[in-house]
Amino acid sequence: MKFTFFIEGENFSKAGTASSEVKKILKQLNVDPKIIKRTVVSLYEAEVNVVAHAFEGNMNVEIFPDKIVVRIEDKGPGIPDIDKAMEKGFSTATPKVREMGFGAGMGLPNIKKNSDEMNISSKVNVGTKLEIVNYLK
Amino acid sequence: MEKAHFYHALKVVEEVCIGCTHCMNVCPTSAIRVKNGIADINKNACVDCGECLNSCPVNAIIVEQDDFSQIFHYKQRVALLPTVLLGQFPDDISEKQIYSVILELGFTHVYEVDETADILTEVTKTYMQKHHQERPFISSFCPAIVRLIQVKFPALVEHIIHLKPVIDISAIFYREKLKNEGFSDDEVGIFYVTPCAAKIAAVKSPVGEDKSFIDGVINMDFIYNKVLLSIKQNKSKELKYELNKHISRRSIGWTLTNGEASQYSGRCLAIDEIHNVIEVLEKLENEEITDVDFIELRACDHSCAGGVLTTENRFLAIERLRKRADWYHRNKPIILEKKEIEEYRPYLLENISIKSIEPRSILSLDTDMMEAMKKMEKINRILKVLPSIDCGACGAPRCQALAEDVVQGKAKMTQCVFLQKMLTKEGLITPQESFDISENTWGVKRFEKKNINDH
């Protein structure tokens with residue numbers, strides 16, 4: 001089963017809409033609440049990343065009987081040094097974003113913590129592709 | 001699953017219900033459908049919040065209560081009162097008068113349930129230190145909220161504090177006290193005067209307990225009427241009640257918004273009204289709200305002062321309760337005599353925990369994930385042909401709800417009036433068939449010929 005959600009860049013008031021939709025779907029599919037929680041937390045972080053850094057993006061969700069695969073692709077500045085971005089507390093967020101309670105530099109590490117597999121690739125000035133896989137059983 | 005069958009205090013009086021869909025549209029768990037022109041409540045989904053009762057224009061939804069005369073089955077008859085009861089009466093009626101009338105009605109003891117809030121606050125503090133990994137803590141105070149979390153937010157069940165609410169602590173305290181005074185267990189009857197439907201459901205089908213500690217429930221509006229009637233008719237000859245107690249500010253404010261959240265250190269939130277609560281629970285579940293220590297959640301607007309069985313305007317009631325708290329604080333600032341409840345502290349602490357609270361999601365389409373996926377695909381296909389205006393004319397609150405009902409075999413797609421018109425136009429069903437479907441949803445009466453000139 002496939003679903004696609006659009007993510008609008010720089011609109012924090014809508015951040016979380018896509019991950020909430022995925023949550024609803026997983027609840028209907030009778031997925032273990034603990035797995036739902038992990039998945040939704042990682043998707044929410046990824047969604048906020050797109051809102052905070054990119055111009056726009058898509059969240060493509062594919063649900064298989066044994067796993068959920070989510071690809072988040074954005075058009076944006078990209079990440080020059082992914083290893084650095086994976087460090088806890090590293091953040092490029094502007095003071096304005098931090099004021100809103102985002103940008104503590106926990107994004108990618110938190111996604112990794114809450115997913116079973118995580119793949120990330122990025123091209124500077126093009127965009128970032130993030131793949132999150134969580135097993136449902 | 002804790003029990004196959006859940007007791008609900010909210011009942012639809014079929015003779016009165018006009019099948020108007022008001023309740024169906026406001027139900028926060030989409031538990032209501034209109035069938036045969038009458039509202040039908042799904043017992044698995046209902047959380048007894050009372051939104052339906054508030055929205056009903058003809059008072060067809062009632063709160064079922066126990067027969068009052070049953071109190072006389074017991075030698076010792078204890079009335080457990082919610083503190084909000086005292087806020088219902090005009091200022092010229094005294095606390096002493098109210099208590100006296102309640103005794104005259106046949107009770108042998110009166111006790112305000114929130115008096116045990118002091119003990120619970122203390123135990124909750126230790127509990128939160130001990131189980132710090134379960135942050136944020138959600139209060140177990142409001143039974144409608146506990147049920148809401150069970151059915152809609154199963155991932156949050158483990159955050160509910162596994163301690164008894166004050167109503168149960170007070171009940172076990174008073175029972176034990178009377179047993180120590182020489183009465184046997186079956187001589188003691190404990191009755192709770194309730195400001196809402198959810199507390200009744202909590203007594204009749206408790207969550208996290210094998211059995212309830214309360215023998216019966218009496219609706220607060222019933223007591224309100226009895227007290228006012230007796231006072232207006234000057235029936236009370238003498239005031240039976242001796243006012244010799246101290247109720248703390250904490251106890252009097254306990255059931256009002258922020259009554260609990262104001263007691264604990266750290267980041268504490270207090271949220272009232274069920275839609276506000278749902279909004280916060282969604283965010284909590286996504287971990288959009290983090291770093292919160294304690295959350296007080298109440299289903300009614302302005303907490304228990306807004307309960308469906310209250311009679312006074314909630315703002316006036318709250319003001320009176322605040323005044324009452326101030327009075328106790330000013331006039332009896334120090335508790336002179338040792339409170340009786342202190343002797344029972346060890347006993348209460350021993351019995352204060354509750355067992356596990358099981359999630360029972362109403363959202364999953366099927367226990368088997370493959371089946372659930374098939375059903376979801378079907379629902380999405382059905383939704384494409386439904387008009388998505390959520391008119392409710394099919395007897396379900398939203399197009400989404402009808403699609404789910406169809407897939408679960410609880411409804412037919414042709415209940416949709418838009419589809420009916422399309423099918424009739426294309427000659428796939430006859431006008432008579434279309435009419436019959438509508439009659440099934442809305443009842444025969446609704447379609448009886450009415451002459452406009454008669455009105």
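Residues numbered from 1 in each chain as written. Chains lettered and ligands numbered in written order. Predicted model: local features only at pLDDT ≥ 70, side-chain atom pairs only at ≥ 80, totals over all residues. Heavy atoms only, no water.

### Some points on the overall build of chain B
When helices and strands are tallied, chain B shows 16 helices and eleven strands. Here chain B has a C-alpha radius of gyration of 25 Å; the compact-globule value for 455 residues is 23 Å, and the two agree. Taken over the C-alpha atoms alone, chain B extends approximately 85 × 60 × 40 Å along its principal axes. For chain B, the residues scored as buried account for 56% of the 455 residues in total. Within chain B, contacts between residues at least 6 apart in sequence are counted, and of these 78% link residues at least 24 apart. Working note: accessible area of chain B is about 21300 Å², and carbon and sulfur atoms make up 51% of it. For chain B, the distance from the average position of its 57 positive side-chain charges to the average position of its 66 negative side-chain charges is 2 Å. (Helix = DSSP H or I, 4+ residues; strand = E, 2+ residues; numbered from the N terminus. Rg over C-alpha atoms; globule rule 2.2 N^0.38 Å. Buried < 20%, exposed > 50% of the residue type's maximum accessible area, 1.4 Å probe, protein only. Contact = heavy atoms within 4.5 Å. Areas by Shrake-Rupley, 256 points an atom, 1.4 Å probe, with all protein chains shown as cover. Lys, Arg positive; Asp, Glu negative; His and termini not counted. Charge placed at Lys NZ, Arg CZ, Asp CG, Glu CD.)

### What to know about the pairing of strand S3 (residues 38-41) of chain B
Residue and element names in this part refer to chain B. Two strands pair when backbone bridges link them, and strand S2 (residues 32-35) and S3 are joined in this way by four bridges, in the antiparallel orientation. The residue bridging lysine 35 from the neighbouring strand is isoleucine 38, located in S3. With antiparallel pairing between neighbouring strands as the criterion, S2 and S3 make up a hairpin whose turn holds two residues, including asparagine 36 at a positive phi of roughly 55°. (Pairing = 2+ DSSP bridges.)

### Re the environment of leucine 321 of chain B
Residues and elements named next belong to chain B. Examined against the element boundaries, leucine 321 turns out to sit in helix H11 (residues 314-331). On the basis of relative accessibility, which here comes to 1%, the residue leucine 321 falls in the buried class. Along the chain, leucine 321 and alanine 305 lie 16 residues apart, while their C-alpha atoms are 9.6 Å from each other. In this view, leucine 321 contacts Thr83, Val84, Leu86, Gly87, Ile252 and Leu256; residues no more than four positions away in its chain are not counted.

### Brief notes about the nonpolar core
By size, the foremost hydrophobic cluster in this structure holds 129 residues, and its most contacted members are Val63, Leu80, Ile102, Leu148, Ile149 and Leu281 of chain B. Looking at this core, the element that brings in the most residues is helix H6 (residues 166-180) of chain B, giving eight residues. Split by domain, the residues of this core number at least three in each of domain 1 (10-63) and domain 2 (68-350) of chain B. If we ignore the near neighbours within four places in the chain, the residues touching leucine 148 of chain B are Thr29, Val47, Phe153, Ile274, Val277, Ile278 and Leu281 of chain B. Grouped together as the second largest cluster of nonpolar side chains are 57 residues, Val97 of chain A together with Leu365, Met376 and Ile382 of chain B included. (Core = buried A, V, L, I, M, F, W, Y, C linked by side-chain atoms within 4.5 Å. Domains from an automatic or database assignment.)

### A word on the domain arrangement of chain B
Considered domain by domain, chain B is made up of domain 1 (10-63), domain 2 (68-350) and domain 3 (369-441). Look at where the C-alpha atoms of domain 2 of chain B and domain 3 of chain B centre, and you get two points 45 Å apart.

### A word on the sheet that holds strand S9 (residues 216-219) of chain B
All names here are of chain B. The four strands are arranged S6-S5-S8-S9 in an open sheet whose pairing can be described as parallel. The open sheet terminates on both sides in strands that have one partner only, identified here as strand S6 (109-112) and S9. Averaged over all neighbouring strand pairs, the angle between strand axes comes to 25°, with direction disregarded. In this structure, strand S5 (residues 76-81) lies alongside S6, joined through four bridges in parallel fashion. Each residue of the ladder has a partner; that of leucine 81, found in S6, is glutamate 112. Sheet contacts for helix H3 (residues 95-104): S5 and S6; angle to S6, the most-contacted strand, approximately 130°. (Axes fitted to C-alpha atoms, helices over the stretch in contact; angles between N-to-C directions.)

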